[in-house]
Each structure stands twice: as structure tokens, then as C-alpha cells.
Amino acid sequence: MNRIALTAFSIVAGVALAGQAMVSQVPKIRWIYYRNDLLAFQIKVPAAWLVHPTDKAVGFKSPAKGALHAAIGILRSAEPQLTIEQAAQKEFEAEGNPGDWQQSYAQVGGMRAIKIIKNITTKPNTKMVEYYVTGPSGAYLLQCIGPQDHWALYSPLFATMLKTFQFLN
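Analysis parameters
Residues numbered from 1 in each chain as written. Predicted model: local features only at pLDDT ≥ 70, side-chain atom pairs only at ≥ 80, totals over all residues. Heavy atoms only, no water. Pairing = 2+ DSSP bridges. Helix = DSSP H or I, 4+ residues; strand = E, 2+ residues; numbered from the N terminus. Contact = heavy atoms within 4.5 Å. Axes fitted to C-alpha atoms, helices over the stretch in contact; angles between N-to-C directions. Phe/Tyr/Trp six-rings, centres within 6.5 Å; stacked < 30°, edge-to-face > 60°. Buried < 20%, exposed > 50% of the residue type's maximum accessible area, 1.4 Å probe, protein only. Salt bridge = Lys/Arg side-chain N within 4 Å of Asp/Glu carboxyl O.

(A) Structural view of the sheet that holds strand E10 (residues 166–167). Pairing is antiparallel in the open sheet, where three strands are placed in the order E1-E2-E10. The open sheet has two edge strands, strand E1 (31–36) and E10, and neither has a second partner. Sitting on the sheet, helix H3 (residues 151–164) touches E1, strand E2 (41–46) and E10, and the angle it makes with E2 is about 155°.

Shown next as C-alpha cells:
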């Protein structure tokens, strides 16, 4: 009986040590702050992500290709008078009142936000989570997009980015 227990302990210990070795091989992510004075915000993003700014939006894309590609976009509303509730409702109606959307209240950078979870019908394996936040010049939309079957990989990154999103004073 002691030999069996000792063998079982050896196997468990070996698996645990192998698991620790695998965890220690996961590369650490280097984060940088990105500041955009035109859109009046800053956000912490993985340094390896590519930045695509325009005068109305900024996109950040993961360096992954194909099925592992993810992105986050930040867009200032073209209608600054809309509240975040009105902006979310307007998009919902424009998309034909989809029944699979899930809407709730959330926090982005400590600010009240509306969160919408939806699937993109033209890309069935793609998940999108949107956040509407009130900014200095109306509603802002933050879109997190990634592969449905790899969402768990990107979810912690999106959470860190959303937590660090701040408007400039």
C-alpha cells in the first residue's frame, strides 16, 4: 500500500512540477500607455499590439494572425448629444433588434458603462463585446473583438485595457 501511495505521490508531484514549468514558460506581457490627445483618452495596451489611429477612432490589433487575431477599438460618437443608453439603443435598432444580444451595466476605467455582448453573424467564430462610456464630448464606444473559441486567452487582456481606460482632463 505504501508503494502505491508513493508512486501516486510521485506522479502527482511530477505533473505539478511540469505544470509549473509550463506556466513559467508563458511570456510576460509588456504593457505601455497609449495617449491620444485628439480623442482625449489614454489606455494601457500590450506593447506588441499594433496601433491604427484616425481622427475619429483608434484600433489596437494583436500581432496574432488568422484564427487567433483580436482587436480593441475606441470610437468617439458622431452624435455627442446622445447618452450611452441612447447610443446603445440606436445601434440595437440599426442592427434589427437582434435577439442574441446581451446588455448589462458595467465599469470601464471606474466609469459607468453599458456592456453589450454579441456574435458577428458574418463571422460565426467571432465574438464582440462593446462598452458605451460617457466621455468629455459624448458617448464613446469601446469594442473588444476576438475569436469565440479563444476568448479566454484575450479576456484578461481586454479586462486590463478596459480597467486602465481614462479620459484626459
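(B) Structural detail: the packing of aromatic side chains. On inspection of all chains with the given rule, the structure shows 10 aromatic pairs. Taken together, a centroid distance of 6.2 Å and an interplanar angle of 45° make the contact between tyrosine 34 and phenylalanine 41 tilted. Here the two residues tyrosine 34 and phenylalanine 41 agree in accessibility, since each one is buried. Plain terms: the ring middles of tyrosine 34 and phenylalanine 60 are 5.1 Å apart, the flat faces sit at 80° to each other, and that makes the pair edge-to-face.

(C) Broad picture of the pattern of salt bridges. Summed over all chains, the structure comprises five salt bridges. Notably, a salt bridge pairs arginine 112 with glutamate 85, separated by 2.1 Å at the nearest N-O pair. Taken as a pair, arginine 112 in strand E7 (residues 111–119) and glutamate 85 in helix H2 (residues 84–94) lie far apart in primary sequence, 27 residues in all. One salt bridge in this structure joins lysine 118 and glutamate 130, with 3.2 Å as the shortest N-O distance. Here the residue lysine 118 occupies a position in strand E7, and glutamate 130 occupies one in strand E8 (residues 126–135), the gap between them amounting to 12 residues. Considered together, lysine 118 and glutamate 130 belong to a single accessibility category, that of buried residues.

Remember, this is a structural readout, not a statement about activity or role.
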